[in-house]
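# Structural features, examined
What follows is the residue order along each chain.
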Amino acid sequence: MAKNSVTYFCGQPHICSPSSQILSTCSAIDKSRVSLLAPFDVSSAFDMVDHEILLKRLETSYGLQVIPLQWLRSYLSERTQIIVSGNSRTKWLPITMVVPQGSVLGSVVLIMYQF
């Protein structure tokens, strides 16, 4: 499970740990309130973001102009990856469809890409 995630109480988002989400859900059930706990792993969603589509969407849907777009293009470009398994390895390949995970910017960009 994720270290922290977003929970909605009365339609308002709150960031909290999975354990506090479970406790809140159990407490709501004990009080006979309608409750739903639906954990989702969206880590693979970060691997599905096409850089060019993302940059175009940020420009057209969110109105980002030249300098922020250049900064984001720089943040996303010239990244490479290699796959190693035992003694075998692939060549270094460019990454064109991944938003880096583990940063606030990566999460915000993923949300903007989806909506």
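First things first, this report covers the structure right here in the doc. (Residues numbered from 1 in each chain as written. Predicted model: local features only at pLDDT ≥ 70, side-chain atom pairs only at ≥ 80, totals over all residues. Heavy atoms only, no water.)

Right, let's get into the packing of helix H3 (residues 66-76) against helix H4 (residues 104-114). Axis separation between H3 and H4 bottoms out at 13 Å; the angle between their running directions is 110°. Regarding the angle of H3 to H4, the classification is roughly perpendicular. For the element pair H3 and H4, the recorded crossing hand is left-handed. Along the contact surface, H3 presents Trp71, Leu72 and Tyr75, while H4 presents Leu105, Gly106 and Val109. The residue makeup of the contact of H3 with H4, split by class, is five nonpolar, one polar and no charged. (Axes fitted to C-alpha atoms, helices over the stretch in contact; angles between N-to-C directions. Helix = DSSP H or I, 4+ residues; strand = E, 2+ residues; numbered from the N terminus. Parallel < 35°, antiparallel > 145°, perpendicular 65-115°, else oblique. Left-handed = near helix turned anticlockwise from the far one by under 90°. Contact = heavy atoms within 4.5 Å. Nonpolar A, V, L, I, M, F, W, Y, C, P; charged D, E, K, R; others polar.)

All chains considered together, the criterion is met by two salt bridges. For lysine 56, the salt bridge is made with glutamate 59, and the minimal N-O distance between the two is 3.9 Å. Here lysine 56 pairs with glutamate 59, and both are found in helix H2 (residues 51-60), just three residues apart, close to one helical turn. Given a relative accessible area of 49%, lysine 56 falls into the partly exposed group. (Salt bridge = Lys/Arg side-chain N within 4 Å of Asp/Glu carboxyl O. Buried < 20%, exposed > 50% of the residue type's maximum accessible area, 1.4 Å probe, protein only.)

What follows concerns the nonpolar core. With 14 residues, the main nonpolar core has Val49, Leu54, Leu58, Leu72 and Val99 as its most contacted residues. Elements with a contribution of two residues or more to this core: H2, H3 and H4. Sequence-distant contacts of leucine 72, defined by excluding residues within four places in its chain, comprise Leu55, Leu58, Leu64, Leu105 and Val109. (Core = buried A, V, L, I, M, F, W, Y, C linked by side-chain atoms within 4.5 Å.)

What H3 keeps buried is the set Leu69, Leu72 and Leu76. Projection of H3 onto a plane perpendicular to its axis shows the buried side chains occupying an angular sector of 65°, all on one side. Along H3, the residues that are exposed and aim more than 90 degrees away from the buried face are Val66, Ile67, Gln70, Trp71 and Ser74. Buried residues along H3 sit against H2 and H4. (Arc of directions from axis to C-beta.)

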